[in-house]
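Coordinate inspection notes
The lines below spell out each chain.
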Amino acid sequence: MALLYRFVKLSDRAHSHVFTFVVTKSVTRDLERDVTSKEFSCGHQKWAITFSRTDKVLGVYLVWRSASESVRVYVDFTFTLLNREHFSVNEAFSGKQVKFTTECPAQGNRNYIPVADLYSRNFTDPNGEFQLELSMGHVRTLFDSEFRVGSSIFGTYHIPYPLRHHTSHHHKPGASNKLETTYFSFGGFDWNLALYPYGIKDGHAGDRVSLYLNRYTGFDHQCRVRYSIVLGDGDRRVDSGIVDDVSDSDGKSYGWHPTAKFSDLIYKGVIRVHVEMLLANTLSDVISSITPDAGSQPAPLATTLSVSQCYDRDKQAWVIKSDCHSDSVRLHMVYKDIHNVPRNHLRYVCWTAYLLRYHSKNGHVEPVRLPGAPFSHYYAQEVSDEGIIIETDISIKELREPGCPYLTAKGQLRVQVEWADSYLLFQATYHKYDDVTRLHCQQMRREITALQAENYSLERQLFSYQKSIAYAHSARGPGYGDDGTPDGDPRDDGSFFEDRHLLDRSLSTDTEYA
């Protein structure tokens, strides 16, 4: 099978990914084994789809491939078989907030469509291939665990002694006097939580707890992470809200420091912890040279010719150069390893760029998001990449002012790149302008489906009103049938709603909300 990727933005908090699979005839021909696609990522989890054959019926499942203990993943998904004649006869089924666990990592429909219908209803082309579309959105990753606290024979709980020697604001994974959870996977990394009963503040112990999210893999990158935590039970619980954190190249983070005391959180010898992971994107920090402008006055900002190279999470090389030949600063971003894209494939890359601004008063470094972000592009195999230009809001005049917060002591820009989606796609004939057509197609299909559902609901209401009127008139005597309905009127025999295209074919799922 081949995988094509499309992205459709729905809102600021929730977005949908649309994957199109080109399925070869081996799926319908091979009766002895199931056929599974290559892995792909969505919502910081790894997935695959698999086909099954039972009694000449084709089934399809969405499979969670990065399953880990104590983690639940919920996702909205829709499978759609694309008909070659008209979209109105596509074959689709969907599920809302379908639950995936280690015990049940696959969800789908074992009786999706008879194999014979693939041919008779024009889903396949002359080569026996067909297209299957998978839409995924609202992916939620939840991790539940607990910190166990030892108790004495007198029924009192043993609380570890405070830390006395800690000189860093970051949590050290090897430090003692802490409670830890098991490990779980998210965003391609392994994580766990560490609770310090007396917290860490300015290198000294306090009387409040501190909780740290630790990363144990992928140390070649920093990682921007976003999550929310609920600690404790019932009226003892404390909620972090959304926490934006950075996991450095050693896996250390700044953590969450609530006002709760350790002893107040204990219930029956444990402290329960509930985490929802929202984001985990790798970061690249680049010191970008300022391109000298020989005709500018005063003298050029910098004359260094150093190469500003960085690597994405797939270990592909990129170069960022600063361009000061216009009224504002622009960044020239070049994909150096474009020749590594396999032949007849596309690589889709999505990223967000920031300029780092230094605040001299408090020493804080603030990432300033560049306008137009996030950026994305499709790359096919070429000898070299011409690159793309990223505009900024920083004027050349501001850059030349003494003590400009965007420049280092050597007069260089500090750029941070946050790497989001990256997909290797089959067929190199797709272009970013084709995204517009795909987006419009998705929007129209959604609107038509919504109108069909609304029409179906109105028809049900109308039929209900007709039945009520018929029952009311039945008491008037002559002119009405023995069964209480007007003579010559349609009966409630179910034939009124035989159009299966309008019926809800959603999955019956075990939906659970945290």
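Residues numbered from 1 in each chain as written. Predicted model: local features only at pLDDT ≥ 70, side-chain atom pairs only at ≥ 80, totals over all residues. Heavy atoms only, no water.

Glancing now at the overall build of the chain. Secondary structure summary: the chain contains five helices and 25 strands in total. Counting only residues that meet the buried cut, the chain has 44% of its 514 residues in that class. The contacts in the chain between residues at least 6 apart in sequence include a share of 66% that link residues at least 24 apart. Of the roughly 27400 Å² of accessible surface on the chain, 50% is carried by carbon and sulfur atoms. (Helix = DSSP H or I, 4+ residues; strand = E, 2+ residues; numbered from the N terminus. Buried < 20%, exposed > 50% of the residue type's maximum accessible area, 1.4 Å probe, protein only. Contact = heavy atoms within 4.5 Å. Areas by Shrake-Rupley, 256 points an atom, 1.4 Å probe, with all protein chains shown as cover.)

Here four strands make up an open sheet; going across it, the order is 18-19-20-24 and the pairing antiparallel. Pairing within the sheet leaves two strands with one partner each, and these edge strands are strand 18 (309-311) and strand 24 (388-395). On average, adjacent strands in this sheet sit at an angle of 30 degrees to one another, irrespective of strand direction. Sheet analysis places strand 18 next to strand 19 (residues 317-323), joined by three bridges and oriented antiparallel. Directly across from Cys310, in strand 19, lies its bridge partner Trp318. (Pairing = 2+ DSSP bridges. Axes fitted to C-alpha atoms, helices over the stretch in contact; angles between N-to-C directions.)

All right, on to the pattern of salt bridges then. A complete count under the given rule lists 16 salt bridges for this structure. The closest approach of N and O atoms between Asp117 and Arg121, which form a salt bridge, is 3.6 Å. You can call Asp117 partly exposed: its relative accessible area is 22%. Linked by salt bridges that have partners in common, Glu146, Arg148, Asp233 and Arg272 make up one network. (Salt bridge = Lys/Arg side-chain N within 4 Å of Asp/Glu carboxyl O.)

Okay, the pairing of strand 19 next. Most of strand 19 sits out of view: six of its seven residues are buried. In this sheet, strand 20 (residues 328-335) lies alongside strand 19 in antiparallel orientation, the contact comprising six bridges. Residue pairing across strands places Asp323 opposite Arg330, the latter belonging to strand 20. From the end of strand 19 to the start of strand 20, which pair antiparallel, there are four residues.

Tallying each qualifying case throughout the model produces 21 aromatic pairs. Taken together, Trp47, Phe77, Phe79, Phe93, Phe100 and Tyr112 form an aromatic cluster joined through their ring pairs. One Lys or Arg, Arg224, reaches over the ring of Tyr354 and ends 4.9 Å from the middle of that ring. (Phe/Tyr/Trp six-rings, centres within 6.5 Å; stacked < 30°, edge-to-face > 60°. Lys NZ or Arg CZ within 6 Å of the ring centre and 35° of its normal.)

Turning next to the side chain of Arg414. One can find Arg414 in strand 25 (residues 413-426). The side chain of Arg414 sits in the buried core without any salt bridge; Asp285 is the nearest counter-charge, 9.4 Å away. Of note is the side chain of Arg414, whose polar atom sits 2.9 Å from the backbone oxygen of Pro405. Sequence-distant contacts of Arg414, defined by excluding residues within four places in its chain, comprise Val286, Ile287, Tyr354, Leu355, Leu356, Tyr358, Pro405, Tyr406, Leu407 and Thr408. (Lys, Arg positive; Asp, Glu negative; His and termini not counted. Polar contact = N/O pair within 3.5 Å; in protein donor to acceptor, adjacent residues only side chain to side chain.)

The next point concerns a nonpolar patch on the surface. Judged by side-chain polarity, Phe87, Met444 and Ile448 come together as a nonpolar surface patch covering roughly 270 Å² of accessible area. Along the chain, the position of Met444 falls in helix 5 (residues 434-473). (Patch = residues over 30% accessible without salt bridge, like charges linked within 9 Å, V, L, I, M, F, W, Y side chains within 5 Å.)

This part covers empty space enclosed by the protein. Here the structure, examined in full by the defined rule, presents two cavities of 30 Å³ or more. Of the volumes computed, that of the largest cavity is approximately 40 Å³. What lines the largest cavity is Asp312, Arg313, Asp314, Arg347, Val349, Cys350, Trp419, Ala420, Asp421 and Ser422. Residue assignment for the lining of the largest cavity shows that the elements contributing at least two residues are strand 21 (345-358) and strand 25. Here the lining of the largest cavity takes four residues from strand 25, the largest share from any one element. (1 Å grid on protein atoms, 1.4 Å probe; cavity = no way out; pocket = protein on both sides within 12 Å on 5 of 7 lines; lining within 4 Å. Points joined across faces, edges and corners; volume = space filled by probe spheres on them.)

Core analysis: the largest hydrophobic core is formed by 69 residues, its most contacted members being Leu62 and Leu231. By size, the runner-up hydrophobic cluster in this structure holds 30 residues, among which are Val349, Leu370, Ala373 and Tyr379. (Core = buried A, V, L, I, M, F, W, Y, C linked by side-chain atoms within 4.5 Å.)

Looking at the chain as a whole, the pLDDT averages 81, with 78% of positions reaching at least 70. Scored below 50 in pLDDT, residues 152-156 shows two contacts in the model against residues more than four places distant or in partner chains. Note that residues 482-514 has pLDDT below 50 and, in this model, 54 contacts with residues that lie over four places away or in other chains. (pLDDT = per-residue confidence, 0-100.)

This part is about unusual backbone geometry. Pro374 follows Ala373 through a cis peptide bond whose omega is 5 degrees. Structurally, Pro374 is set in the loop between strand 22 (365-369) and strand 23 (375-380). Within the chain, His44 stands out as a residue other than glycine whose phi angle is a positive 65 degrees. Along the polypeptide, His44 turns up in the loop between strand 4 (40-42) and strand 5 (45-54). Phi is positive for Asn344, close to 65 degrees, though the residue is something other than glycine.

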